[in-house]
Amino acid sequence: MSTVDTVLWGVLPYVTLVVLVGGTVWRYRYDQFGWTTRSSELYESRLLRVGSPLFHFGILVVVIGHAIGLLVPENWTSAVGIGQAAYHVQALLLGSVAGFATLAGAAILVYRRRTTGPVFTATTRNDKAMYLVLVAAIVAGLVATGSGAGVVGEEHNYRETVSAWFRSVFVLRPDVAAMASAPPAFRVHALIGMLLFALWPFTRLVHAFTAPVGYLFRPYIVYRSRAETARARRGW
Amino acid sequence: MKVMTQLAMVMNLDKCIGCHTCSVTCKQAWTNRSGVEYVWFNNVETRPGQGYPRRYQDQDTWRGGWELGRRGRLKPKSGGRLRKLLTIFANPVLPNIRDYYEPWTYDYSTLTTAPLGDDFPVAQPVSLLSGRPTSVEWSANWDDNLGGGPANAGLDPVIERLRSEAEEKVRFSFEQAYMFYLPRICEHCLNPSCVASCPSGAMYKRSEDGIVLVDQDRCRGWRMCVTGCPYKKVYFNHRTGKAEKCTFCYPRIEVGLPTVCSETCVGRLRYIGPVLYDADRVGEAASVADPTDLYEAQLDLLLDPSDPQVTDAARREGIPEDWLDAARRSPVYALTKVHRVALPLHPEFRTLPMVWYVPPLSPVTEALSSTGHDGEDVDNLFGAIDTLRIPVAYLAELFTAGDPVPVRRALQRLSAMRSYMRAVNLGDPPDESVAARAGMTGEDVTALYRLLAVAKYEDRYVIPTAHEAEGRHMEETACSLDFEGGPGMHGSGPFGEASGRPRPVSVETFHALRHRQTSPGGPGDPEARVNLLNWDGKGRPAGLFPPKGTRPEESA
Ligand code: HEM
Ligand code: SF4
Ligand code: SF4
């Protein structure tokens, strides 16, 4: 276990967390007006209509997959009778389908950004950096999934290394050794992932944090009193 | 009964001369910023015509407003909550910028920098979206004044429906062609489908005055409201990524001033006043089965402000006395409910719109005078209203979901008024029977005449002021000093266009104007121009004239 390992897997995750949480709270407090999807559908919808759902539904499955893979310990799944082999087959299948859908969606979105005049002019440097890291994370994730399942290279049970490390971070006793022993593909993916999360609060990706789930539970018509809005903040 | 108050507007279409002053002053006040170039909170469209955005009335395509589901329950035509969330990643029916128009400017600098030659230099149009040369093909008023001409009438969704309903061709031969102007703002509906479509709950109806607003801090750019509004009066600011809409000039209204469009209207045809309505019955009124009953149901929601039962109930809701007083003097209540000459625009969208229109008698009077008849004779007018089926049917499609009866009544009342008042003006004894034929008394006619023809400023605008304990919030520009030099004054904060703290609208406008007036000219920057419309005539903004030494003969 070298110093580099300690820095990468023992320090960096906390830096990322601080930036992610601190940045999000800060931006939520001070940049409500900038907190938006900045939809570009007004300019172009033909490609968006294919690319955006493909990307978003893909990434939602990917997120759920990560949550299960990282948060549910292996002995829990074995306890309900899902063996390592069975787990890996479903993870590989579902993971790669969702991953490729996400990648294809992202490819369409990037192509659209580059080729549609108005969308391209509305693309900020911030957007470009975000897409670079986002696509890198997806690609690295797909490589890791493939290699971990033995499609390319040696099979690897990441739930004993990556997942153990991930959970250990949150109980403040980072298991640096576990992560350091994971194959390079996983380490690269984790690093890019941390970079993505550190960038998150400062890009348009914040829109995901305000996914409008509450819409399902509120009455259609919203009334607000003028007195109330004038006191809290401006109403326009 | 739960009494609520609503500030509503009436426009008298007979007086609209289609000058677009309202649109221009509104634009100057609210949407002269980048990102909202194509946004017209107020627009004036020629009817018959396509409207703005093109064919917005065709809800089979645009799916705005509400519809009755199975078991007669109201739901947004574009789908309920779950469906909205499932299609949020790409809204299936969002209008494209081309359904409005691609905003553009001109490359003016070539006019002054082109080398000496035989040809006149030309300022090429440049797209404000892509920054590339473009050709101008459509705009907010491309079919202005074309009216019922054969090339245009066929594209009007209202005509289309008329044709399919009448199962005969509505002909627009040149002789028969007619037209009138329809100025439109947001309807500040009692049952706003834009609010219902907003997933983040950023849009709301103000409980004190019924003004429908977008909370710019809470809007997340899900752009569902644009689809939700059947009048297409929520627009997406493509620079900030937030929805914007007509605000009923609330900063003016709160201090008792009329909206900018009303204030500047050349025809003085707009009226503003509060109405009281029964909020408990809004859902019921919006869901009556037969669309032609919607007008009556909507009218029925408006409560009589002189009825002691109503005022008692209103006081229990905490509605202040000056609002009740204003409601009693409200020109909107008089024109809609007392005289019944003002009708709602497209009640069949089921949003219960609160901008009402006095239908134009002019297509009828014009037909009469062009055939040599007396356009102020009550017999002629009544006869013409009945025989000129097409204008009446067209107006009915606009204002009463196709029911000609209320339109005919309104036109008859206007005719009776014309005839009756002519007698009065000529010193003849007024003829009560003329009034009676339109179901009115001479007194009613005189009152209607006073409202429509001679109403003074204070009679047209009865606007109670907002009640505010903390006065400093009323001053719209109160924090302009905090703002001076603030982050991202115009252009970009760290996270893209206009991120940072929200700023008072007027202050932003002020800075945007100054920025544009003073930014250096150059063909590369589409913003860099002196917009003479924005120039208040004071001082000489840099860039008004080309810099010294750049004139061809000087540098030569
Ligand atoms: C479940 C919550 C989410 C919702 C409701 C949502 C919704 C949206 C919407 C409405 C847009 C605008 C599309 C347009 O009209 O231009 C958008 C864009 C985008 N979203 Fe999401 N999103 C969610 C989660 C995510 C996540 C988790 C990610 C990435 C990790 C993401 C990445 C993006 C990107 C990159 C764009 C820009 C697309 C483009 O225009 O190039 N979103 N999202
Ligand atoms: S007209 Fe105005 S209040 Fe009515 S649905 Fe449209 S935006 Fe909303
Ligand atoms: S300012 Fe008045 S008369 Fe002129 S177009 Fe507008 S509503 Fe019509």
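Note that the coordinates shown come from a computational prediction; the quantities given were computed from them, not determined experimentally.

K.L.:
I'd like to hear about the pairing of strand E12 (residues 270-278) of chain B, residue by residue, with values.
P.N.:
All names here are of chain B. Of all 9 residues in E12, 9 are buried, a share of seventy percent or more. Of the two faces of E12, the one lined by Arg270, Ile272, Pro274, Leu276 and Asp278 and the one lined by Tyr271, Gly273, Val275 and Tyr277 are each fully buried. Sheet topology places strand E1 (residues 3-12) next to E12; 9 bridges connect them, and they run antiparallel. Residue pairing across strands places Val10 opposite Tyr271, the latter belonging to E12. Both E12 and strand E13 (residues 302-303) contribute to a ladder of 2 bridges, which runs antiparallel. Residue pairing for E13: Leu276 is matched across the bridge by Leu303.

K.L.:
Tell me about the environment of Gln32 of chain A, residues and numbers included.
P.N.:
Within the secondary structure, Gln32 of chain A sits in the loop between helix H1 (3-30) and helix H2 (46-71). In this structure Gln32 of chain A touches Arg27 of chain A together with Gln216, Asp217, Arg218, Arg220 and Lys242 of chain B, once residues within four positions along its chain are discounted. There is a polar contact of 2.8 Å between the side chain of Gln32 of chain A and the backbone oxygen of Tyr28 of chain A. A distance of 2.7 Å separates polar atoms of two side chains, one belonging to Gln32 of chain A and the other to Arg220 of chain B.

K.L.:
Outline the pattern of salt bridges, listing residues and values.
P.N.:
Summed over the entire model, instances satisfying the criterion amount to 31 salt bridges over all chains. We note a salt bridge from Glu41 of chain A to Arg223 of chain B, for which the minimum N-O separation is 2.9 Å. Of this pair, Glu41 of chain A sits in the loop between H1 and H2 while Arg223 of chain B sits in the loop between strand E9 (212-214) and helix H9 (225-228), on two different chains. Classification of Arg223 of chain B as buried rests on a relative accessible area of 7%. Salt bridges linked by common partners bring Arg226 of chain A together with Arg206, Asp209 and Glu254 of chain B together as one network.

K.L.:
Residue-level account of the site of ligand 3, with values.
P.N.:
Residue and element names in this part refer to chain B. Taken together, 14 residues are adjacent to ligand 3, and Cys16, Cys19, His20, Cys22 and Cys265 come closest. For the shell around ligand 3, the class distribution of residues is 9 nonpolar, 4 polar and 1 charged. For the shell around ligand 3, the domains that each give at least three residues are domain 1 (17-101 + 137-248) and domain 2 (267-460).

K.L.:
Could you give an account of the packing of aromatic side chains, naming the residues involved and the relevant values?
P.N.:
Residues and elements named next belong to chain B. For the coordinates displayed, the defined rule picks out 22 aromatic pairs over all chains. Consider the rings of Tyr52 and Tyr100, whose centres lie 5.7 Å apart with planes at 65 degrees: the pair is edge-to-face. One end of the pair, Tyr52, is in the loop between strand E2 (43-47) and helix H2 (59-62); the other, Tyr100, is in helix H4 (residues 97-100), and 48 residues separate them in sequence. Residues Tyr52 and Tyr100 agree in their burial class; the two are buried. Following the ring pairs from residue to residue traces out a cluster consisting of Tyr38, Phe41, Tyr52, Tyr100, Tyr101, Trp104 and Tyr235. Over the ring of Phe382 we find Arg437; its NZ or CZ atom is 4.9 Å from the centre of that ring.

The rules we used
Residues numbered from 1 in each chain as written. Chains lettered and ligands numbered in written order. Predicted model: local features only at pLDDT ≥ 70, side-chain atom pairs only at ≥ 80, totals over all residues. Heavy atoms only, no water. Buried < 20%, exposed > 50% of the residue type's maximum accessible area, 1.4 Å probe, protein only. Helix = DSSP H or I, 4+ residues; strand = E, 2+ residues; numbered from the N terminus. Pairing = 2+ DSSP bridges. Contact = heavy atoms within 4.5 Å. Polar contact = N/O pair within 3.5 Å; in protein donor to acceptor, adjacent residues only side chain to side chain. Salt bridge = Lys/Arg side-chain N within 4 Å of Asp/Glu carboxyl O. Near = heavy atom within 4 Å. Nonpolar A, V, L, I, M, F, W, Y, C, P; charged D, E, K, R; others polar. Domains from an automatic or database assignment. Phe/Tyr/Trp six-rings, centres within 6.5 Å; stacked < 30°, edge-to-face > 60°. Lys NZ or Arg CZ within 6 Å of the ring centre and 35° of its normal.

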